[in-house]
Amino acid sequence: MNNDRNLNSTVIQMYYLNFMILVFYSLISTATAFRIAGNFQAYDFLSTAGVIPEKPWQMPVQTMFLFAALLYISVVKNRIRRDNSLICLFFIIAEIGLCCGIIEGLNFYYSGIALVVLADLVYYIENNPGRISLMIILALIYVIGRYDIIPLASDRIAFASWLNYYSQTVKTSFSLMESILVSANIIMFVYYMVQLFTSQKAENERITSLNSQLREANRKLREFALELERMAEIRERNRLAREIHDTLGHTLTGIIMGSEASLALFDDSPEESKKRIEAITRSARDGLNDVRASIKALRPDSLEKHGLEATLREMIAKFQKTTSVAVIYEQFAGKLEFAVDEEDTLYRIVQECMTNAVRHGSAKVIQICIRRHDDIVTVDIRDDGTGCENVTEGFGLRHMQERLELLSGSLTYGNRADDPNDGKKGFYVIASLPVRKRQQEE
């Protein structure tokens, strides 16, 4: 941005300088012509010059008009978008044409205006082939105007002829002034080109650096995407394992307990044994359906249809029928409507704890209490089983922990005898889960 401002500032200064140069040539030529005519020295001057001059006022009027048009074109073109190639070509041709008109209007005394036009257009044109062509054209115009190459310039009075009218001192002063102005224009043009190429080099280096950073960022992004995909696969695999473990473990535990009870009652009470076997059959069928549903959608079908409250009560009722375990269920959390992942987690925790209480603790009574305080739902599950001397985190406890951690929840467990507020025989599990509003999840 600073480079653009510096380049524009240099072009503006070149326009100011060239305006002074045009005024200098026009003023010297016009004032000298009027002075010669006023002193009645026209015959002597024309005899020396050998060419009849044009009207004195023509040079300043023509050059100032064309210079004003050139300045206007330069300002307008920088405010118009460059996406239209025809408009860009029009501005380029217009500036070159006005440049040639100014040189011709000055009787080919000065062609440095071509350097101003070149500096103005070389930044305007973005493609390198166009810049090279423009530089060649304007360089030819500068050389032709500078060294009187074309025949048209030989039919004009040379600027040196006007200076010869004055004394040696005045002539030297005017020549020195001319040299200073022309040299200053060339120096400013060289300075502009150095600025331009330096800024372009810096821009190219910056783009190269950005490309390098972009490639590195893309590489890291690809690595991160692969790592994220791998982690997603692991999480999904663990989740599927938890779903199958929870469903099969719960169902098979009920079947085993029910089968053992049926065998014990088979001789004494065949009818009761038959009822238990029928309940076991229904439980096995429901478990099979749950496994299929878990594999299909990783969500129990009953949860999808009836909601968490009804599903919990149905699961508890079936569990009691198949295992003969008394389950005391209390719910003080209001309406159990949560986000899908939260409902799945609470359901699986109750299911796993009931299964573990019977499988590992040989429990006869299980107490389940669900409470809610603000946005924290707590599930407290206690049994009267044997407890555990050395509590180790198995597959079920570990996956309950993982489920809760994914939802910023927590899990505590241990022997009831170790709980100072309890002290009874058995095992307890307390799961705390911060729940979202259902509307937010949807």
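Further up the page is the structure itself.
Calculation rules
- Residues numbered from 1 in each chain as written.
- Predicted model: local features only at pLDDT ≥ 70, side-chain atom pairs only at ≥ 80, totals over all residues.
- Heavy atoms only, no water.
- Salt bridge = Lys/Arg side-chain N within 4 Å of Asp/Glu carboxyl O.
- Helix = DSSP H or I, 4+ residues; strand = E, 2+ residues; numbered from the N terminus.
- Phe/Tyr/Trp six-rings, centres within 6.5 Å; stacked < 30°, edge-to-face > 60°.
- Buried < 20%, exposed > 50% of the residue type's maximum accessible area, 1.4 Å probe, protein only.
- Axes fitted to C-alpha atoms, helices over the stretch in contact; angles between N-to-C directions.
- Parallel < 35°, antiparallel > 145°, perpendicular 65-115°, else oblique.
- Contact = heavy atoms within 4.5 Å.
- Nonpolar A, V, L, I, M, F, W, Y, C, P; charged D, E, K, R; others polar.
- Pairing = 2+ DSSP bridges.
- Right-handed = clockwise from strand over helix to strand, strands pointing away.
- Patch = residues over 30% accessible without salt bridge, like charges linked within 9 Å, V, L, I, M, F, W, Y side chains within 5 Å.
- Areas by Shrake-Rupley, 256 points an atom, 1.4 Å probe, with all protein chains shown as cover.
- Left-handed = near helix turned anticlockwise from the far one by under 90°.
- Expected span 1.5 Å × (residues − 1).

Undergrad: So, the pattern of salt bridges: which residues are in play, and what are the values?
TA: Taken as a whole and judged by the stated rule, the model has 12 salt bridges. Put simply, Asp422 and Arg382 hold a salt bridge, and the shortest N to O gap is 2.7 Å. On the criterion of sequence distance, the pair formed by Asp422 in the loop between β4 (410-415) and β5 (427-434) and Arg382 in strand β3 (residues 376-383) is long-range, its members being 40 residues apart. For Arg416, the salt bridge goes to Asp422, with nearest N and O atoms at 2.7 Å.

Undergrad: How would you sum up the packing of aromatic side chains? Please name residues and give values.
TA: Any pair of aromatic rings gets described here by the distance separating the centres and the angle formed by the planes. One pass over the full model with this rule turns up 10 aromatic pairs. Each ring, one from Phe24 and one from Tyr25, has its centre 5.5 Å from the other, and the planes form 75 degrees; the classification is edge-to-face. In terms of burial, Phe24 and Tyr25 fall into one category: buried. Seen in terms of ring centroids, Phe24 and Phe174 are 6.5 Å apart; in terms of plane orientation they differ by 75 degrees. Their pairing is edge-to-face. Taken together, the residues Phe24 in helix α1 (residues 2-38) and Phe174 in helix α8 (residues 168-266) connect sequence positions 150 residues apart. Residue Phe24 is classed as buried on the basis of its relative accessible area, which comes to 8%.

Undergrad: How would you explain the packing of helix α4 (residues 85-105) against helix α5 (residues 113-124) if you had to name every residue and give the values?
TA: Interaxial distance between α4 and α5 falls to 9 Å at its minimum, and their mutual angle equals 170 degrees. If you check the angle between α4 and α5, you find them roughly antiparallel. Contacts from Cys88, Phe91, Ile92, Glu95, Ile96, Cys99, Ile102 and Ile103 in α4 reach Ile113, Ala114, Val117, Asp120, Leu121 and Tyr124 in α5. Residues of the contact of α4 with α5, tallied by class, amount to 12 nonpolar, no polar and 2 charged.

Undergrad: Can you tell me about the pairing of strand β2 (residues 365-373), naming the residues and giving the values?
TA: In the sheet, strand β1 (residues 326-332) pairs with β2 via 7 bridges, with the strands oriented parallel. Residue Tyr329 lies in a different strand from β2, and its bridge partner there is Ile368. One crossover worth recording links β1 to the parallel β2 by way of helix α12 (residues 340-359), and it is left-handed. For β2 and β3, the ladder comprises 8 bridges, and the chain directions are antiparallel. Bridge assignment links Arg371 to a residue of β3, and that residue is Thr378. Where β2 folds back onto β3 in an antiparallel hairpin, the turn is made up of 2 residues, including Asp374, whose phi is positive at roughly 60 degrees.

Undergrad: I'd like a description of a nonpolar patch on the surface, backed by residues and values.
TA: A surface patch of nonpolar side chains, about 370 Å² in accessible area, is lined by Phe19, Met20, Val23 and Leu27. The residue Met20 is located in helix α1 in this model.

Undergrad: Lay out the sheet that holds β2 with the relevant residues and their values.
TA: In spatial order, the strands read β1-β2-β3-β5-β4; together these 5 strands make up an open sheet with mixed pairing. Pairing within the sheet leaves two strands with one partner each, and these edge strands are β1 and β4. Direction aside, neighbouring strands of the sheet carry axes that sit 10 degrees apart on average. Both β3 and β5 contribute to a ladder of 7 bridges, which runs antiparallel. Note on β5: the bridge partner recorded for Ile381 is Val429. Sitting on the sheet, helix α11 (residues 308-323) touches β1 and β2, and the angle it makes with β1 is about 165 degrees. Contacts from α12 reach β1, β2, β3 and β5 within the one sheet, and its direction differs from that of β3 by about 10 degrees.

Undergrad: Go over the side chain of Asn185, please, and point to the residues and values.
TA: Take Asn185: it is sitting in helix α8. Apart from the residues lying within four places of it in its own chain, the contact partners of Asn185 are Met14, Leu17, Asn18, Ile21, Tyr110, Gly112, Leu115 and Val116.

Undergrad: Describe the environment of Ala160, and please don't skip the residues or the numbers.
TA: One can find Ala160 in helix α7 (residues 159-163). For the pair Ala160 and Tyr109, spaced 51 residues apart in sequence, the C-alpha separation works out to 9.3 Å.

Undergrad: Any details on the packing of helix α3 (residues 58-77) against α4? Residues and values, ideally.
TA: Where α3 contacts α4, the axes come no closer than 9 Å and their chain directions differ by 160 degrees. Here α4 runs roughly antiparallel to α3, going by the angle between their axes. You can see that α3 and α4 cross each other, and the crossing is left-handed. Here Met59, Gln62, Thr63, Leu66, Phe67, Ala69, Leu70, Ile73, Ser74, Val76 and Lys77 of α3 lie close against α4, whose contacting residues are Phe91, Ala94, Glu95, Leu98, Gly101, Ile102, Glu104 and Gly105. Taken together, the residues of the contact of α3 with α4 sort by class into 11 nonpolar, 5 polar and 3 charged.

Undergrad: Residues and numbers for α5, please.
TA: Between its first and last C-alpha atoms α5 spans 17 Å; for 12 residues at 1.5 Å apiece the expected length is 16 Å, and the two agree. Extensive coverage of α5 is indicated by the burial of 11 of its 12 residues. Every buried residue of α5 is accounted for by Ile113, Ala114, Leu115, Val116, Val117, Leu118, Ala119, Asp120, Leu121, Val122 and Tyr124.

Undergrad: Explain the environment of Ser175 residue by residue, including any values.
TA: Tracing the sequence through the fold places Ser175 in helix α8. Placed 15 residues apart in sequence, Ser175 and Ala160 show a C-alpha to C-alpha distance of 8.7 Å.

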